[in-house]
Amino acid sequence: MPYAVEITQTGAPEVLRQAERRNPQPDAGEILIRNHAGAVNFIDTIIRRGEMPEGMMPELPQVPGVEGAGVVEAIGAGVEGFTIGDRVAWMGPIGAGGYGSHSVIGAPYVTQIAGDIGFDLAAALPVNAMTAYHMLVNLGGATAGKSVLVHAAAGGVGTMIQHIAKHLGLTVIASASTDKVDYAWAQGADHVIDYRTEEVAARVMDITHGRGVDLSLNPISGETLKSDLEALAPLGTVVLFGFLAGPPAGTFGEDLTKHFQKSVAVRVSDIYTYFINRPDEFNADLTKVFDLLEQGVVRPQITTLPIAKAAEAHRRLESGETTGKLVLTID
């Protein structure tokens, strides 16, 4: 019998409850996947707390989980390139049901995985690796010889950024908290800044001999955007992809004007913009990041818990005690 862990009301992690579900069926262009693993993301905790922006909160009950991996059980009309029994990974929208035994996913957002890749490892990849790859390559124009500042370098996305950036030949400067500095070094960073004890922009300028970085990838926002503008090289770019410290602080016009003669750029990135508007390109990049997994370029650092401990996974993620990615195994 299909089952899932649901959010039936907003609140603490304990509101997550397992329940039986009806057996879903794919419509045209969709694939039914029997999940064997689903990853945990911050968006899941935000929905559980009821803190989504106005107009974006899904109706309850809600099955969280926007990525996973498993086996194809049924195929909708018009879907080509898949057969029942294929091992696959997927990324989906809010409501895709990664905390459950089954998900129905649009074919462009599903990719086949090699037989020697575990489902738990595959489930950890789509959101983080696609976010990293899209920002580095499609938005940041990453090429060999450039430099990148990676904020929250010990997180799931930060880990993927470091792996992919090193593969592309970039110099990686990682920013992490004191207790996660060693983790950042282990991911291949060329330089690591302890943001709790060091001033990030000043250290970047020291490391780069006064030039600054070509690219900063920043999920923090808050006061850090002003620091990033200081740390950018001429023609450099900041990509904001989260607001862990709240919206960007400061007077944006004045902050940009101060750096006008460096011709800097500030972009924002939500991976779902790419997901929704360019599904074919998204699918091609999804295939690329799984090729990087097979090559050993990206190495997701995962912690697994059984789906029955989804509440514990949320507690760990919200406490900030995790590195890499939390994955729920689904038997």
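The structure we're discussing is the one just above.
Criteria and cut-off values
Residues numbered from 1 in each chain as written. Predicted model: local features only at pLDDT ≥ 70, side-chain atom pairs only at ≥ 80, totals over all residues. Heavy atoms only, no water. Helix = DSSP H or I, 4+ residues; strand = E, 2+ residues; numbered from the N terminus. Rg over C-alpha atoms; globule rule 2.2 N^0.38 Å. Buried < 20%, exposed > 50% of the residue type's maximum accessible area, 1.4 Å probe, protein only. Contact = heavy atoms within 4.5 Å. Areas by Shrake-Rupley, 256 points an atom, 1.4 Å probe, with all protein chains shown as cover. Axes fitted to C-alpha atoms, helices over the stretch in contact; angles between N-to-C directions. Parallel < 35°, antiparallel > 145°, perpendicular 65-115°, else oblique. Left-handed = near helix turned anticlockwise from the far one by under 90°. Polar contact = N/O pair within 3.5 Å; in protein donor to acceptor, adjacent residues only side chain to side chain. Core = buried A, V, L, I, M, F, W, Y, C linked by side-chain atoms within 4.5 Å. Pairing = 2+ DSSP bridges.

Right, let's talk about the overall build of the chain for a bit. Scanning the chain for helices and strands turns up 11 helices and 15 strands. Here the C-alpha atoms of the chain give a radius of gyration of 20 Å, agreeing with the 20 Å that 2.2 N^0.38 yields for 331 residues. Evaluated residue by residue, the chain yields a buried proportion of 53% over its 331 residues. A separation of at least 24 residues holds for 69% of the contacts in the chain among residues at least 6 apart in sequence. Surface accessibility of the chain: about 14,400 Å² in total, with carbon and sulfur atoms responsible for 51%.

For the rest of this paragraph, the subject is the environment of R316. Following the sequence through the fold, R316 ends up in helix α11 (residues 310–319). Judged by its relative accessible area of 23%, R316 falls in the partly exposed class. Remark: the alpha-carbon pair of R316 and L326, spanning 10 residues in sequence, is separated by 8.8 Å. Those residues in contact with R316, other than ones at most four positions away along the chain, are T303, L305, E321, T322 and L326.

The next thing to look at is the packing of helix α3 (residues 126–139) against helix α4 (residues 156–168). In the contact formed by α3 and α4, the axes pass within 8 Å of each other and the chain directions differ by 50°. Our classification of the angle between α3 and α4 gives oblique. Two packed elements cross with a definite hand, and for α3 against α4 that hand is right-handed. On α4, the residues touching N128, A129, T131, A132, Y133, M135, L136 and V137 of α3 are G156, V157, M160, I161, I164, A165 and L168.

In this section: the environment of I113. For I113, the location among the structural elements is in the loop between β7 (110–112) and α2 (119–123). Along the backbone, I113 and W90 are 23 residues apart, and their C-alpha atoms lie at a distance of 10.0 Å. If we skip the residues at most four places from it in the chain, I113 touches R87, V88, A89, F119, A122 and F290.

Here the focus is the side chain of H102. Topologically, H102 is positioned in strand β6 (residues 102–106). Of note is the side chain of H102, whose polar atom sits 3.1 Å from the side chain of E73. The residues touching H102, leaving out its near neighbours within four places in the chain, are P2, N23, P24, L32, I33, R34, N35, E73 and G97.

Let's shift gears to the nonpolar core. The biggest cluster of nonpolar side chains holds 67 residues, and the ones touching the most others in it are L136, V148, I161, L217 and F290. With 18 residues, the next largest nonpolar core counts Y3, I7, V40 and V63 among its residues.

On to the sheet that holds strand β10 (residues 191–194), then. Read from one edge to the other, the open sheet built from six strands follows the order β10-β9-β8-β11-β12-β13, with strand pairing classed as parallel. The open sheet terminates on both sides in strands that have one partner only, identified here as β10 and β13 (265–268). Each adjacent strand pair in this sheet contributes to an overall mean axis angle of 15°, direction not counted. In this sheet, strand β11 (residues 213–218) lies alongside strand β8 (residues 147–150) in parallel orientation, the contact comprising three bridges. In the strand pairing of β11, V150 is matched with L217. Relative to β10, helix α6 (residues 200–207) is tilted by about 155°, and along the sheet it contacts β8, β9 (171–176), β10 and β11.

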